[in-house]
Amino acid sequence: MNERFTTCAAAVAVTAATLISVPSASASTGHAPAQPVVTQVKTVSAFDYASGAAPENITVNPDNTVTLSMLGSVANKAPTLVKLTPSGHRTTLATGHAGDLITGNTRGRDGTVYYNVQSENASRSGVWKLPVGGSPQRLAALPADGLPNGLALDTAGRTLYIADSLKSTIWAVPASGGRATAWLTDPALAFDPDATLKLGVNGLRFHNGAVWFTIFNKGMLSKIPVTAGGTPGRIHTVTRALANVDDFSFLNEHSDVVFAAQNDPADKITVVYPNGTTKTALTTANGLASPTSTAVSGNRLYITNAGLNAPHDAKLQRATINLGRLLTPQTPGHC
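Since we're looking at a predicted model, the values are computed, not measured.

Visitor: In this structure, what is going on with the pairing of strand S3 (residues 66-70)? I would like to understand it.
Guide: Residues in a regular strand project their side chains so that they alternate between the two faces of the sheet. Counting buried positions along S3 yields 5 of 5 residues, so the element is predominantly enclosed. Side chains of S3 alternate between two faces, with Val66, Leu68 and Met70 and Thr67 and Ser69 buried alike. As paired strands, strand S2 (residues 55-60) and S3 are joined by 5 bridges and run antiparallel to one another. If you follow Val60 over to S3, its bridge partner there is Val66. Across 5 bridges, the pairing between S3 and strand S4 (residues 80-84) is antiparallel. Following the sheet pairing, Ser69 is matched in S4 by Leu81.

Structure representation (structure tokens):
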């Protein structure tokens, strides 16, 4: 396993440092503990870490199947892209090369699956697509010395955005294919040079006309409006309270409430409200094991766990979001 992969595995899972959260009303007044925001956590499918099946990213599909990126390199195996049905049946959609990484994945309206491949081989590193009924093909090359991580498709289905955790860059690639361009390169996207795992911009989503992203080493969740001309606006930081944060998802397409995955050693799922207030939703007490990403479908919350630490409990979890508790006003401007 190369050093870059180790970095991604532990970072692609985006860990979490100390979580700064605002006390709830019940905590500050001494009343009984409030009901949890997320309940009924269960394991949907357990994976064989020794075979490289450590999930890094997830997309929930309209038919309630999920597409998972499996790291592979944690066990010196080839990375894979798999589809998992609600009953647990698993289909391998694409298989990479040993030593490479399959990181972020997303889906187009026509069912095309897009995914990132990190490779030291320049002929493989880049953004790939898998059309329905077709074979994997590379859309655009990305630097072999970078680490393409989070991946998102804009609402129009025209542009893919890619977080490069080593290059302090968010790339843009036409969904129809073409050259990658550096949409934004900025010191704000960089990793902490003093960190053990040097990972900058990590998770990435397109939401409500903006590119949202996390910075692993800085514990940040931020957003950048996309201007009418397609260029980046000013960066707005929502919170800095998510140390070693990986990928994340939104409650729905209209809400800015976020469920963020924080990896080792914090092992938390944290709710982030639009005003920057945070609330711990799940911890190791709920079975978390190196959470790397989340996805929401209705009131269901999915969590990928890479199981990076022994006993390597790699798995996909599903839980129920308590919408009433989640959206109960406690601080202004959170819904």
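Visitor: Could you clarify how one ought to interpret the side chain of Thr294 in this entry?
Guide: Within the fold, Thr294 resides in strand S22 (residues 291-297). Judged by relative accessible area, Thr294 falls into the buried class, the value being 0%. Within polar-contact distance, the side chain of Thr294 engages the side chain of Ser249 at 2.7 Å. When residues no more than four places from it in sequence are discounted, the contact partners of Thr294 are Ile58, Arg205, Asp247, Phe248, Ser249, Phe259, Ala261, Ile269, Leu301 and Tyr302.

Visitor: Just checking my understanding: could you explain the packing of aromatic side chains for this structure?
Guide: Geometry of an aromatic ring pair is reported as the spacing of the ring centres plus the angle between the planes. This structure, assessed with the given rule, holds 5 aromatic pairs. Summarising the aromatic geometry, the rings of Tyr161 and Trp183 are spaced 5.1 Å apart at their centres and angled 70° between planes, so their arrangement reads as edge-to-face. Here the residue Tyr161 occupies a position in strand S11 (residues 159-164), and Trp183 occupies one in strand S13 (residues 181-185), the gap between them amounting to 22 residues. Just as Tyr161 is buried, Trp183 falls in that class too. For the pair Phe248 and Phe250, a centre-to-centre distance of 5.8 Å together with 75° between the ring planes defines the contact as edge-to-face.

The rules behind these values
Residues numbered from 1 in each chain as written. Predicted model: local features only at pLDDT ≥ 70, side-chain atom pairs only at ≥ 80, totals over all residues. Heavy atoms only, no water. Buried < 20%, exposed > 50% of the residue type's maximum accessible area, 1.4 Å probe, protein only. Helix = DSSP H or I, 4+ residues; strand = E, 2+ residues; numbered from the N terminus. Pairing = 2+ DSSP bridges. Polar contact = N/O pair within 3.5 Å; in protein donor to acceptor, adjacent residues only side chain to side chain. Contact = heavy atoms within 4.5 Å. Phe/Tyr/Trp six-rings, centres within 6.5 Å; stacked < 30°, edge-to-face > 60°.

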